[in-house]
Amino acid sequence: MLFELKSVFLNEGHTQQLSYELDIADMDIDGVFPFTSPVAVTATAHNRTGLVTLTLDCRYDYTRSCDRCSETFTRREEKSFTHYLAQTLVDDTNDDYIETPDFTVELDEVVITDILLDLPQKNLCREDCRGLCPDCGQNLNAGSCACSGKSVDPRLEILKQLMD
């Protein structure tokens, strides 16, 4: 989606808003297609004292398997990202600004990059997920297992004998 911002750049104090949906359901991340609904994007550009700020409010459903217990979960994500826009940049090493020489921004690229960079390193169904029993594989979130819980790594068995 192309966001035309000429009126924002040329008029101090001016604000412009655009809302649309971005379908990224076919995006493959580690062999999984986690985006189960289109991303609802609201883009707001505001010129305050000559500095144009772009705020992207994104809402989407994210479905993955928990890294601890392997249960599938879906979470509604609501994220807000802020970028600063400049008509021209002095040098190419400045990553703080998005250059817009023709007063337009391709929002799809910016939204996808922001979402991908914000994805968690570890996918957990909930913050206090207890995971699986290492012996029997019981999901410890659903209840305790019948294992003794006293199993010792066979490589350390000799140390256990020293303790007895």
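Bear in mind that the values here come from a model prediction, so they are computed numbers and not experimental data.

### Here's the deal with the overall build of the protein
And step 1. When its secondary structure is counted, the protein shows three helices and seven strands.
And step 2. Taken over the C-alpha trace, the protein has a radius of gyration of 24 Å; the compact-globule value for 164 residues is 15 Å, which it surpasses by more than 25%.
And step 3. Considering only C-alpha atoms, the protein reaches an extent of 80 × 35 × 25 Å along its principal axes.
And step 4. Counting over 164 residues, the protein shows a buried share of 33%.
And step 5. Sequence-distant contacts, at least 24 apart, represent 53% of the contacts inside the protein between residues at least 6 apart.
And step 6. Accessible surface, the protein: about 10600 Å² in total, of which carbon and sulfur atoms supply 48%.
And step 7. Of the charged side chains in the protein, 14 are positive and 30 negative, and the gap between their average positions amounts to 13 Å.

### A few points about the confidence of the model for the protein
And step 1. Averaged over all residues, the pLDDT of the protein is 87; the fraction at 70 or higher stands at 94%.
And step 2. Taking the mean pLDDT of every element in the protein, the minimum, 76, falls on helix α3 (residues 157–163) and the maximum, 94, on strand β3 (residues 39–48).

What counts, and where the lines are drawn
Residues numbered from 1 in each chain as written. Predicted model: local features only at pLDDT ≥ 70, side-chain atom pairs only at ≥ 80, totals over all residues. Heavy atoms only, no water. Helix = DSSP H or I, 4+ residues; strand = E, 2+ residues; numbered from the N terminus. Rg over C-alpha atoms; globule rule 2.2 N^0.38 Å. Buried < 20%, exposed > 50% of the residue type's maximum accessible area, 1.4 Å probe, protein only. Contact = heavy atoms within 4.5 Å. Areas by Shrake-Rupley, 256 points an atom, 1.4 Å probe, with all protein chains shown as cover. Lys, Arg positive; Asp, Glu negative; His and termini not counted. Charge placed at Lys NZ, Arg CZ, Asp CG, Glu CD. pLDDT = per-residue confidence, 0-100.

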